[in-house]
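# Survey of secondary and tertiary structure
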Amino acid sequence: MNHPPVTLPRLTSLVRQAVPKLLEGVVAPLAVFYAALAVLGLNGALIAAVSWVYAGVGWRLIRRIPVPGTMILAAIAITARALLGLWTGSAVIYFLQPELGTICISMAFLASIRLNRPLVQKLTLDYIHLPSSVLKHERVRRFFARITLLWAFVLLANSTVSIWLLLHQSIGTYLLVRTSAVALISGLAAAVSLYAFRRVLGRLHHEPAATPAA
């Protein structure tokens, strides 16, 4: 079945939309935590990381800006981690929590494919806008299902490597090697995802419009 032509956003425009939100929601919290850890110790780092996330949520609520789903998840996760970390006073326990959470998230990714509601699509829409005509296209639906499957296994691989390092190496070695390994695995997956997305958009662009009925 032919589909009507779709209006495709430029890839550079999508990247410009996504980068500031990724910096705020992913990169900045990590930078705040590690900087505070070096200066204030574990408890100070926990308080600083929680404060950063909730400051971002509060700023959006005050200005009546929609809060991304990823930020809500981050706020819930970091609250639980901080409470347990403060209670135990153990850096190992603190770092183990997100890895176990990542495994749970990877299972949620797999379940979302089964439910025909791939989580990568939901998370993507937190960062960029795609026209409804694009989202409803069969090629795009298949793309998000396959990329969700890819990231489910990426998350599982990242958490497996991280847990092994955490249990068998010092905290310093864990932070150094884990960061490098996760960056490599995730970077390769991101490159594959971006390449696949460009191919999908390119095919949609060249797909013929539906022929009117006689």
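Overview of the structure.

### A short note on the overall build of the protein
The helix and strand inventory of the protein stands at seven helices and zero strands. When burial is assessed residue by residue, the protein has 34% of its 214 residues classed as buried. The long-range share in the protein, meaning contacts at least 24 apart out of those at least 6 apart in sequence, stands at 72%. Accessible area of the protein: about 13,000 Å², with a carbon and sulfur share of 69%.

### Considering the pattern of salt bridges
If you walk through the whole model with that rule in mind, you get two salt bridges. Where Arg178 meets Glu99, a salt bridge forms, and the shortest distance between an N and an O atom there is 3.2 Å. Residue Arg178 is found in helix H7 (residues 171-206), and its partner Glu99 is found in helix H3 (residues 91-114); the two are separated by 79 residues along the sequence. By relative accessible area, which is 2% here, Glu99 ends up buried. Across the pair Arg142 and Glu138 runs a salt bridge, and its minimum N-O distance is 3.9 Å. Linking Arg142 with Glu138, this pair stays in helix H6 (residues 138-168), spanning four residues, or about one helical turn.

### Description of the environment of Ala152
In this fold, Ala152 is placed in helix H6. Note: C-alpha distance between Ala152 and Thr102 (50 residues apart in sequence) is 9.4 Å. In this structure Ala152 touches Ser106, Phe109 and Leu110, once residues within four positions along its chain are discounted.

### Some points on the packing of aromatic side chains
Under the definition given, this model contains two aromatic pairs. Judged by centre distance (5.1 Å) and plane angle (65 degrees), the ring pair of Phe143 and Phe144 falls under edge-to-face. Looking at Phe143, the relative accessible area reads 9%, which means it is buried. A relative accessible area of 1% means that Phe144 is categorised as buried.

### Structural notes on the side chain of Thr148
Structurally, Thr148 is set in helix H6. With sequence-adjacent residues up to four places away left out, Thr148 is seen in contact with Phe109, Ser112, Ile113, Pro118, Leu119 and Val120.

### Focus on a nonpolar patch on the surface
A cluster of nonpolar side chains, Met107, Leu110, Leu149 and Phe153, forms an exposed patch at the surface whose accessible area comes to about 350 Å². Within the element layout of this structure, Met107 appears in helix H3. What makes Met107 partly exposed here is its relative accessible area of 42%.

Cut-offs applied
- Residues numbered from 1 in each chain as written.
- Predicted model: local features only at pLDDT ≥ 70, side-chain atom pairs only at ≥ 80, totals over all residues.
- Heavy atoms only, no water.
- Helix = DSSP H or I, 4+ residues; strand = E, 2+ residues; numbered from the N terminus.
- Buried < 20%, exposed > 50% of the residue type's maximum accessible area, 1.4 Å probe, protein only.
- Contact = heavy atoms within 4.5 Å.
- Areas by Shrake-Rupley, 256 points an atom, 1.4 Å probe, with all protein chains shown as cover.
- Salt bridge = Lys/Arg side-chain N within 4 Å of Asp/Glu carboxyl O.
- Phe/Tyr/Trp six-rings, centres within 6.5 Å; stacked < 30°, edge-to-face > 60°.
- Patch = residues over 30% accessible without salt bridge, like charges linked within 9 Å, V, L, I, M, F, W, Y side chains within 5 Å.

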